[in-house]
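# Structure at a glance
Each chain, written out:
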Amino acid sequence: MNIQEYISSGIVESYVLGLADEAERANFEQMCARHAEVRAAREAFELSLEQHAIASQVAPPAHLRQNILQQLSGESATAVTGSAPVVQMQPIRRSGVPMTIRYVAAASIILLVGSAILNFYYFNKYKEFSQRYDQLLAQQTDLVKNNTVLQTKLTNYEHTIAGLTNPNMAVIKMDGNSVPANGSPAPASLATILWDTQSKDVYLMVNNLPKPESGKQYQLWAIVDNQPVDAGMLDMAHGHAMVKMKNIPRAQLFAITLEQQGGSPTPKGKMYVLGKV
Amino acid sequence: MGITLTYTEQELVSLLRNRDNKAFAYLYDNYAAALYSIILQIVSDAELANDVMQEVFVNIWRRIEQYDAGKGRLFTWMMNIARNASIDTLRSRSYQNSRKNQSIGDNVDTLQVKDVLQPGVDTIGLRKVLEKLKDEQRILIELAYFKGYTHEEIAELEKLPLGTVKTRIRNALIQLRGLLK
């Protein structure tokens, strides 16, 4: 179809009179934009229609003019200058949602924001207290450890005092000078045996002994009828407290020698102290 | 009316968009009678035509932003507003009437020329021109233009194939152009 055929197909009149359907309208508007002839044909028909309408006009009742123009100035009074009345009407149209729902929605948003703030606040608090709890737990563990150490020490000292005040205890002083032929490597050494005469338990208190070199350990001997009997190993960690050794029913002498770590069946090392029962 | 044109269409549109009261008075004085004639051709009742007229000017006032000069002249735009408002009024009224008369019975079979064409108002405007068309064309223009039926609705009402309805309306319009010249 060429342009002239298109123009004389009745589409121009159909469009102008508002009888064309959606697709025809869109197509016609495109044709108008592209072809001046189509546009000219449309304008020509519009003009002839307009002239015909004006030629066959019917005067409306005179009072209508006043009514209509007054109504329009009323519209302009309510309208904000320059802005379209359509825009003005929008807030009314939008109120489709009931006010209660709006209040509920607004309250929900406020609650949500409040909840978020509280969450943040309490999370920070939680972190802070969590740290403090860990610190306290560590301190408590330390205290318990210290307490255990102190308890052990205290028990040891209690035993020591109990031993010293026990009337059944025989006290045997062992010193470096008593070692025959000045054989003690440390003549100032001193240790005390407390021997329960009833239970025959032997307790040892170190008063002064040089710190043994590594791999060596002091060993207590009871000399029974000239035969040395193992009476236990010394643990230097106990300090000056009284430490329970082996049960010795009978002995004439007590002596301490420096032996290999863990002790020897018979004394091999040098004797540090000796004491007579 | 004998009033000399004081505005170009472009000037008039921009004044109307500024809600200029004088421009609306000018619009009324120059076009109200032509629009009133179009309204009367559709609603025929003078009292009703006055109401439609009021509605048409309120619509022009409210929708002037939507007017697109690229798609046609201002008068064409106003004319279509007048036609649509008239048809809407007629429909809402005939709907109310048909509700009232429902018990009388439904004789809405094929519409006859005498049922569709209203006597009395066909002496003005386009109706006068349409008299020169054949009846089979007149009735289709009547239904399409003055009653606002779609081509599909007309095909159903008139028991005609859709293609025939389209062709007849197109042919009628082509003749109308010749008659208006």
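In this text the structure is predicted, and so the values were computed from the model without any measurement. (Residues numbered from 1 in each chain as written. Chains lettered and ligands numbered in written order. Predicted model: local features only at pLDDT ≥ 70, side-chain atom pairs only at ≥ 80, totals over all residues. Heavy atoms only, no water.)

### Topic: the overall build of chain A
So the rule is basically this: Helix and strand definitions follow DSSP, with helices as H or I runs of at least four residues and strands as E runs of at least two, each counted in order from the N terminus. In this scheme, a residue with accessible area under 20% of its type's maximum is buried, one over 50% is exposed, and one in between is partly exposed, where area comes from a 1.4 Å probe on protein chains only. Contacts are residue-level and defined by heavy atoms, with any inter-residue pair within 4.5 Å sufficient. Per-residue and other accessible areas were derived by the Shrake-Rupley procedure at a 1.4 Å probe size, with only the shown protein chains allowed to occlude residues.
Within chain A one finds 6 helices and 8 strands. Relative to its 277 residues, chain A shows a buried fraction of 32%. Contacts spanning at least 24 positions in sequence make up 59% of the contacts within chain A whose residues lie at least 6 apart. Carbon together with sulfur atoms contributes 59% to the accessible area of chain A, which is approximately 17,300 Å² in total.

### Thoughts on the side chain of A:Gln219
Residue and element names in this part refer to chain A. To keep things clear, this is the line we draw: Polar contact is defined as a pair of N or O atoms within 3.5 Å, subject to the rule that within protein one atom must be able to donate a hydrogen and the other to accept it, and that residues adjacent in sequence are counted only when both atoms are side-chain atoms.
Considering the arrangement of structural elements, one finds Gln219 in strand β4 (residues 216-224). Using a relative accessible area of 2% as the deciding quantity, one classes Gln219 as buried. Polar side-chain contacts of Gln219 include one of 2.8 Å to the side chain of Asp230. Polar side-chain contacts of Gln219 include one of 2.8 Å to the backbone nitrogen of Ser264. In this structure Gln219 touches Asp230, Gly232, Met233, Leu234, Ala255, Ile256, Thr257, Glu259, Gly263 and Ser264, once residues within four positions along its chain are discounted.

### A short note on unusual backbone geometry
One non-glycine residue, A:Lys200, lies in the positive phi region at around 65°. Within the secondary structure, A:Lys200 is located in the loop between β2 (190-196) and β3 (201-208). Phi at B:Lys159 is positive, roughly 50°, even though this residue is not glycine. Overall, B:Lys159 belongs to the exposed group, its relative accessible area being 60%.

### Some words on a negative patch on the surface
Here is the rule we go by: Patch definition: residues above 30% relative accessible area lacking any salt bridge, with like charges linked at up to 9 Å and the nonpolar side chains Val, Leu, Ile, Met, Phe, Trp and Tyr linked at up to 5 Å. Between Lys or Arg on one side and Asp or Glu on the other, a salt bridge is scored when a side-chain nitrogen of the former is within 4 Å of a carboxyl oxygen of the latter. Neither His nor the chain termini are counted; the positive set is Lys and Arg, and the negative set is Asp and Glu. By convention, the point assigned to a charge is CZ for Arg, NZ for Lys, CD for Glu and CG for Asp.
Judged by side-chain charge, A:Asp21, A:Glu22, B:Glu152, B:Glu153 and B:Glu156 come together as a negatively charged surface patch. Per-element accounting of the negative patch gives the leading share, 3 residues, to helix α8 (residues 151-158) of chain B. Here B:Glu156 is to be found in helix α8.

### A few points about the pattern of salt bridges
Considering all chains together, one arrives at 17 salt bridges over all chains under this definition. Of the charged contacts in the structure, one is a salt bridge between A:Arg250 and A:Asp225, with a shortest N-O distance of 2.7 Å. Taken together, the positions of A:Arg250 in the loop between β6 (242-247) and β7 (253-260) and A:Asp225 in the loop between β4 and β5 (227-233) put the pair 25 residues apart, joining distant regions of the chain. In this structure, B:Glu136 and B:Arg168 form a salt bridge, with 3.8 Å as the shortest nitrogen-oxygen distance. Of this pair, B:Glu136 sits in helix α7 (residues 135-146) while B:Arg168 sits in helix α9 (residues 162-180); the two residues are 32 residues apart in sequence, bridging distant segments of the chain. For B:Glu136, a relative accessible area of 36% gives the class partly exposed. Because the salt bridges share partners, they merge into one network encompassing A:Arg42, A:Glu43 and A:Glu46.

### A closer look at the confidence of the model for chain B
Residue and element names in this part refer to chain B. As a reminder, the rule being used: Per-residue confidence from the predictor is given as pLDDT, running between 0 and 100.
The pLDDT averaged across chain B works out to 82; a share of 81% of its residues lies at or above 70. Mean pLDDT across the elements of chain B ranges from a minimum in helix α5 (residues 113-116), with 48, to a maximum in α8, with 92. Ignoring residues within four places in sequence, the model shows residues 102-119, a span with pLDDT below 50, making 22 contacts including any to other chains. Across the interfaces of the predicted complex, the ipTM metric reaches 0.83, alongside a pTM of 0.53.

### So, helix α3 (residues 46-63) of chain B
The following threshold applies: What a helix should span is 1.5 Å times the count of its residues minus one.
Helix length check: α3(B), at 18 residues, gives a terminal C-alpha distance of 25 Å against a target of 26 Å (1.5 Å per residue), a fit within 8%. Residue B:Asp45 occupies the N-cap position of α3(B), its side-chain oxygen lying 3.1 Å from the main-chain nitrogen of B:Glu47.

### Notes on the nonpolar core
Just so we agree on the cut-off: In this description, a nonpolar core means a group of buried Ala, Val, Leu, Ile, Met, Phe, Trp, Tyr and Cys residues linked to one another through side-chain atoms lying within 4.5 Å.
Judged by nonpolar contacts, the single largest core of 81 residues is most densely connected at A:Leu17, B:Leu27 and B:Leu74. In terms of residue count, helix α2 (residues 21-43) of chain B provides more of this core than any other element does, 16 residues in total. Other than its neighbours up to four places away in sequence, B:Leu74 contacts B:Glu9, B:Leu12, B:Val13, B:Leu16, B:Leu27, B:Ile64 and B:Tyr67. Counting 24 residues, the second largest nonpolar core, distinct from the first, contains A:Ala186, A:Val206, A:Ala231 and A:Val273.

### Re the packing of helix α1 (residues 3-16) of chain A against α9(B)
Cut-off, in case you're wondering: The axes used here are C-alpha line fits, helices contributing only the stretch in contact, and every angle between their N-to-C directions lies in the interval 0 to 180 degrees. By definition in this entry, angles of less than 35 degrees are roughly parallel, angles greater than 145 are roughly antiparallel, angles of 65 to 115 are roughly perpendicular, and the rest are oblique. Amino acids outside the nonpolar list (Ala, Val, Leu, Ile, Met, Phe, Trp, Tyr, Cys, Pro) and the charged list (Asp, Glu, Lys, Arg) are all regarded as polar, and Gly is one of them.
Put simply, α1(A) and α9(B) touch, their axes get as near as 8 Å, and they point 85° apart. On the basis of their axis angle, the class for α1(A) and α9(B) is roughly perpendicular. In this structure, α1(A) uses A:Ile7, A:Ser8, A:Ser9, A:Gly10, A:Ile11, A:Glu13 and A:Ser14 to contact α9(B), whose residues at the interface are B:Arg170, B:Leu173, B:Ile174 and B:Arg177. Here the residues of the contact of α1(A) with α9(B) are counted per class, giving 4 nonpolar, 4 polar and 3 charged.

### Here we look at the interface of chain B and chain A
Cut-off, in case you're wondering: The term buried area denotes the loss of accessible surface (1.4 Å probe radius) that occurs when two parts are joined, taken as the sum for both partners.
Contacts between the two partners involve 46 residues from chain B and, on the opposite side, 44 residues from chain A. Between chain B and chain A, roughly 4,300 Å² of surface is buried when both sides are summed, and carbon and sulfur atoms account for 62% of that area. Its largest share of buried area at the contact with chain A, chain B owes to B:Tyr28, B:Arg170 and B:Arg177, together 15% of the area lost on that side. Applying the counting rule to chain B against chain A returns 5 salt bridges.

### With respect to a nonpolar patch on the surface
All names here are of chain A. A contiguous nonpolar surface patch, about 290 Å² in accessible area, is contributed by Ile109, Val113 and Ile117. Relative to the helices and strands, Ile117 is located in helix α6 (residues 99-165). A residue is classified by how much of its surface remains accessible, and Ile117, at 54% relative accessible area, is exposed.

### A few points about the pairing of β3(A)
All names here are of chain A. Quick reminder of the rule: DSSP calls a pair of strands paired once it identifies at least 2 bridges connecting them.
Counting buried positions along β3 yields 6 of 8 residues, so the element is predominantly enclosed. Both β2 and β3 contribute to a ladder of 6 bridges, which runs antiparallel. When the sheet's bridge partners are listed, Trp195 is paired in β3 with Val202. Between β2 and β3, which follow one another and run antiparallel, lie 4 residues, and Lys200 among them has a positive phi close to 65°.

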